[in-house]
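# Results of the structural survey
In case you want the letters, here they are:
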Amino acid sequence: MEYVLRVEKLSKDFNEVRALDGVNFKLKKGEIHGIIGANGSGKSTFVNILFGSKHIRDTGGYEGCIYIDNKRVDIKNTQDAMKEGIGMVHQELVLLGELDISSNIKINRENIMDKTKALGDFALVDKDKNEKEAKELLLKLGVDIDPRIRVKDISTNLKQFVEIAREIDKDKLKILILDEPTSSLNIEESKILLSNLKELAKSGLSIIFISHRLEEIVDLCHRVTIFRDGRVVGEYGREEYDINKMALDMIGREVVQVIKERKNRSEESILSFNRVEVSYGHKSYKDISLDIKRGEILGITGLAGHGQEIFAYGLMGLYDMKGDVVFKGGKIRPGDIGTLIQKGIYLLPDERKELGLILSKSVWENLVFESYDRNKGFLRYPFLGRLSPLNHKAIREYSEDMVRRLNIKIKDIDQRVGDLSGGNQQKVCIGRAITIDPEVLFVGDPTRGIDIYSKEIILDMLLELNQEKNTTIIIFSGEVSELKRVCDRIAVMYNNQVFKIFEDGFDSEEFSLALSGRSLE
Amino acid sequence: MKRLRVEAPQLIVIFYLIILAVSLKFIGISYIDMINESLIKWVMNGVLVLSLIPMINVGAGRNFGLPIGITAGLIGMCIALEFRLEGWLGFGVSILAGSLIAVVFGYVYSLILNRLKGNEEIVGTFAGFSFIPIMNIFWTLAPFKNRQMLYPVGGQGLRPKINLDGYFAGILDNLLKVDIGRLVIPVGLIFFFIVLSILVYLFQKTRMGIAMSYIAENESFVKLSGIDINRYRTIAIMFSNVLAAIGIIVYSQSYGFVHLYDGPFMMAFPAVSAILIGGASRSKATVFNAMLGTYLYQTTFLLSVPVANAFLIPEMSEIIRMIVTNGIILYAFLYEGVKRRNEKV
């Protein structure tokens, strides 16, 4: 059998910590090879080495051999990797927001006008052809969108598709590495992407597919390699798949899924949006209404770009929201964040690293930032108001306690949040939400990029917060299966409107249809 | 206190300083005199450098628009002179009036900077430069009546350099001087500087100061935490301007003159250069950076004048001053640019 990629005894140290330890790996032509593992198991390090990431080089390079088409290669930087026909789509997307979709996809491979070819680098770009090809590429991936829209105006989910389209457009591409491509997609979109990936593999492309979603891996991949603590702990062929065994290999222990116990919900509404108007990305949507009940966990879901985030983002001023919003009987002004937080509305955004944390600051600073209005004890001289210094003793004690309670795995509370794994970062976010103790908490994609074990802990924390303090929680996320487990009600968004709110029957056909904007009849 | 990082700019300056100090031996200039002089120069310029800190830490960049705050201080002093206020009264009224005007100027300046986030440094440079000609018109037309401030001939318009003798020249320099042999330590002057430094330091430790330092790193995060970013930026910019106004008043009492018209023109670059030598970056500066940087920067030039005059042509020290001042700023831009690029891929 011919292997496109062969890796032998690959090892990598980060400051004397062994991140990869003698990894062997083989990839066949036209194969979709899954890699799974908990956070920090070495998956990302592995693919970063393959793609020549600068971080690897700066920390002393790697040990071991990499063969591509049976030829030994030395991947020193990203250019080398691309020359060898490796393409990668990162978890953190790399796109030019100010350019339109087609330019992003065709970047450096632009079609040029025939008549100006002689001008070399100064030739004119054939924009129409670029747009046509970009459109075709996206259709190949199952997305129908106007390639002239600027990338910064499209949702994260769609950006993911744009990035994949850019990679598969490269002629020489032999190996495509996808680092959790479905983490920002919901089930429907994931399905679309997966079926198109299968087509791509049939045409001869080899794909390395990293994911936390075991169901996906089982459905898609021909083979699966499992990483744990920097080693390969198992390899399964298609016929040997056993989700439970794989999960056990991955974590080293069993995962118990959390499920919400339904209680008698209050019918009193705590926050309602009455025919509001929301604008983002040069478009505005009118007549959007939603009523949130006190003490419930409400899920909001929908396909990419259909607006699962508009309520939270609109209220918190990230999108422009106009209209009548009522909180506990009183009118509130969307975008006036300071007042909203004082009244008890808080948002943990889905883009954790960009919006939810200060990465260069320590754990304790992130846990208590601006929670002082609710915890006067954190200020040394509260009567000085905003000019009061912090009471470090009280804050440190509180933070130590919080870290213990939430089981955040860190060296000490002075550790930089940026150095923590995704799961622990999310715990810190939730820790801050608990510190601020809001009445209504919006949470965006709480489990994105988090391994299956930590996922359950995060969900459990949210449930606990809801049960103990009766906090109303609104989770907007594409992870329908998780929402089904923890939510009292789920609102399905379609075309930036609430299409239908389900109180039960989450597994019904009607629910699945609603995601694509269809009803039973 | 975090570990002190010594990087290229500090190393170059310290190395240069050592060469100068050794050279002094050969041209027979006493070290004691130089130390006396350097302490005065340190505080004389130190407050202006200190004034950069609030703006850097709120993410509004190094304040190349320093002339705006300086002008406020100059107007403050002119007001005190107009009423012939001498001694501490004159000094106090200058600071009070200068600070009030700096608050107003700072507010207007912040309106501009808050609309042009990310480009504060270049906008500040031009705002500062274009402000000077406007003020030149003001200086010629302002209805001041004190003859000692006006042009001797014609009696209209303020003169470019107003002598402070008989008002408050040297008032801080001469406060509580302690003589140890030939070494003279201006305790009052240094005390004044340290009080201001402690104020700035304490402000950074307040709830507001901490939130401001977060703005420089991640504005969206701070906004989502319920803080009115523009309001905080405005406060920081006003604070910087008030310090700049006080800074020029301290400078002028040492200098002995109030230097109007093009006086503030080239004051931003040495101040920025000094804080960079002290180890500050685009978005983070400490009081320690300002104090260390000012001392190294000012002492270097103090020493280079006699050395250059003895070994080279007389104007050489001024030339070296320009090269170092602008070179350090260019280095800082380069260093940050390269670092930013490397963080990505």
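Residues numbered from 1 in each chain as written. Chains lettered and ligands numbered in written order. Predicted model: local features only at pLDDT ≥ 70, side-chain atom pairs only at ≥ 80, totals over all residues. Heavy atoms only, no water.

## Regarding the interface of chain A and chain B
Threshold: By definition, residues are in contact when any of their heavy atoms lie within 4.5 Å. Once two parts are brought into contact, the accessible area they lose, counted with a 1.4 Å probe and summed over both, makes up the buried area. The rule for a salt bridge is simple: a side-chain nitrogen of Lys or Arg has to be within 4 Å of a carboxyl oxygen of Asp or Glu. Identification of polar contacts relies on pairs of N or O atoms within 3.5 Å, with a donor-acceptor requirement for protein atoms, meaning one able to donate a hydrogen and the other able to accept it, and with residues adjacent in sequence counted only if both atoms are side-chain atoms. Helix and strand assignments follow DSSP, with helices taken as H or I runs no shorter than four residues and strands as E runs no shorter than two, numbered in order from the N terminus.
If you look at the interface, chain A gives 34 residues, while chain B gives 22 residues. Interface area for chain A against chain B, summed over the two sides, is near 2,500 Å², with a carbon-plus-sulfur share of 62%. Among the residues of chain A in contact with chain B, I358, F369 and R386 of chain A are the three that bury the most area, contributing 29% of the side total. Counting the contacts that link chain A with chain B gives one salt bridge. Measuring nitrogen to oxygen at the nearest pair gives 3.0 Å for the salt bridge that ties R207 of chain B to E370 of chain A. Linking chain A with chain B are seven residue pairs in polar contact (both at pLDDT 80 or more), by the criterion used here. Counting residues per element, the ones that place at least two in the side of chain A that touches chain B are α11 (337-343), β16 (345-348), α12 (352-356) and α13 (363-368) of chain A.

## Some thoughts on the domain arrangement of chain A
Residue and element names in this part refer to chain A. Note the cut-off: The source of the domain bounds is an automatic or database domain assignment.
Taken domain by domain, chain A consists of domain 1 (1-85 + 172-254), domain 2 (95-165) and domain 3 (269-515). The distance between the C-alpha centroids of domain 1 and domain 2 comes to 28 Å. In this assembly, 10 residues from domain 1 lie in contact with eight residues from domain 2. Taken together, the two surfaces of domain 1 and domain 2 that pack against each other cover about 830 Å², and 66% of this comes from carbon and sulfur. Summed over the three residues of domain 1 that lose the most area to domain 2, namely S184, L193 and N196, the buried surface amounts to 42% of that side.

## Some words on the packing of aromatic side chains
All names here are of chain B. Under the convention used in this document: Here is the rule: rings of Phe, Tyr and Trp (six-membered ring for Trp) pair when centre to centre is within 6.5 Å. Planes less than 30 degrees apart are stacked, more than 60 are edge-to-face, and the remainder are tilted. Burial classification: accessible surface area is computed with a 1.4 Å probe over protein chains only, and a residue below 20% of its type maximum counts as buried, one above 50% as exposed, and the rest as partly exposed.
In the structure shown here, the tally under the stated rule is 25 aromatic pairs over all chains. Their ring planes at 55 degrees and their centres at 5.7 Å tell us that F64 and F269 sit as a pair that is tilted. Taken together, the positions of F64 in the loop between α3 (53-57) and α4 (66-82) and F269 in helix α11 (residues 268-277) put the pair 205 residues apart, joining distant regions of the chain. Since its relative accessible area comes to 6%, F64 is described here as buried. Take F269: its relative accessible area is 18%, and that puts it in the buried class. Ring plane angle 65 degrees and centroid distance 6.1 Å describe the contact between F91 and F168, whose orientation is recorded as edge-to-face. Of the two residues, F91 is situated in helix α5 (residues 87-115) and F168 in the loop between β1 (161-163) and β2 (177-180); the sequence distance between them amounts to 77 residues. A relative accessible area of 4% places F91 in the buried class.

## Observations regarding the packing of helix α7 (residues 187-205) of chain B against helix α10 (residues 229-255) of chain B
All names here are of chain B. Stated formally: Each axis is a line fitted through C-alpha atoms, and for a helix only the stretch in contact is used; angles between axes span 0 to 180 degrees, taken between their N-to-C directions. Should an angle lie under 35 degrees it is considered roughly parallel, over 145 roughly antiparallel, and from 65 to 115 roughly perpendicular; all remaining angles are considered oblique. Lys, Arg, Asp and Glu make up the charged group, whereas Ala, Val, Leu, Ile, Met, Phe, Trp, Tyr, Cys and Pro make up the nonpolar group; the residues left over, Gly among them, are polar.
Where α7 contacts α10, the axes come no closer than 12 Å and their chain directions differ by 175 degrees. Considering their axes alone, α7 and α10 lie roughly antiparallel with respect to each other. Where α7 approaches α10, its residues L189, F192, L196, V200 and F203 are matched on the opposing element by F239, L243, I246, V250 and Q253. Looking at the contact of α7 with α10 residue by residue, the class counts come to nine nonpolar, one polar and no charged.

## Here we look at the nonpolar core
Filter applied, for reference: Residues belong to one nonpolar core when they are buried, are Ala, Val, Leu, Ile, Met, Phe, Trp, Tyr or Cys, and are joined through side-chain atoms within 4.5 Å.
L271, F273, I345 and F442 of chain A are the most contacted members of the largest nonpolar core, which totals 194 residues. Among the elements that line this core, the one with the most residues is α10 of chain B, at 13 residues. Sequence-distant contacts of I345 of chain A, defined by excluding residues within four places in its chain, comprise L271, L315, M316, F327, I332, L340, P438, V440 and F442 of chain A.

## Section: the sheet that holds strand β11 (residues 269-280) of chain A
Two orientations exist for strands paired in a sheet by backbone hydrogen bonds: parallel and antiparallel. All names here are of chain A. The cut-off we apply is this: Criterion used throughout: strands pair if DSSP finds at least two bridges between them.
One open sheet accounts for four strands, arranged β12-β11-β14-β15; its pairing is antiparallel. Taken across any chain shown, the strands that pair with only one partner, and hence form the sheet edges, are β12 (283-293) and β15 (330-332). Strand-to-strand twist in this sheet, taken as the mean axis angle between neighbours without regard to direction, amounts to 10 degrees. Bridge count for β11 against strand β14 (residues 320-327) is seven bridges, and the pairing is antiparallel. Considered in β14, the bridge of L271 is made with F327.

## Digging into unusual backbone geometry
All names here are of chain A. Non-glycine residue K9 carries a positive phi angle of around 50 degrees. With respect to the helices and strands, the residue K9 is situated in strand β1 (residues 3-14). Here K9 falls in the exposed class, since its relative accessible area comes to 61%. The phi angle at N496 is positive, at roughly 60 degrees, despite the residue not being glycine. Following the sequence through the fold, N496 ends up in the loop between β19 (489-494) and β20 (497-502). According to the relative accessible area criterion, N496 is buried, its value standing at 1%.

## Here's the deal with empty space enclosed by the protein
Residue and element names in this part refer to chain A. Formally: Only protein atoms enter the 1 Å grid used here. Points where a 1.4 Å probe fits but cannot escape make up a cavity, open sets with protein on both sides within 12 Å along at least five of seven lines make up a pocket, and a residue lines them when an atom lies within 4 Å of a point. Grid points are joined across faces, edges and corners, and a volume is the space filled by probe spheres set on the points.
If you walk through the whole model with that rule in mind, you get three cavities of 30 Å³ or more. In this structure, the largest cavity occupies an estimated 60 Å³ of space. Lining the largest cavity we find E180, T182, S183, S211, H212, R213, T447, R448, G449, K455 and E479. Considering only residue class, the lining of the largest cavity consists of no nonpolar, six polar and five charged.

## Description of the pattern of salt bridges
Residue and element names in this part refer to chain A. By the definition in use, this model includes 37 salt bridges over all chains. A salt bridge links E131 to K127; its shortest N-O distance comes to 3.2 Å. Separated by four residues within a single helix, E131 and K127 lie in helix α5 (residues 127-140), roughly one turn from each other. A relative accessible area of 12% places E131 in the buried class. Relative accessible area serves as the criterion here: at 42%, K127 is assigned to the partly exposed category. K328 is the salt-bridge partner of E439, the closest N and O atoms lying 2.6 Å from each other. Within this pair, whereas E439 is found in the loop between α15 (422-436) and β17 (440-444), its partner K328 is found in the loop between β14 and β15, the two being separated by 111 residues in sequence.

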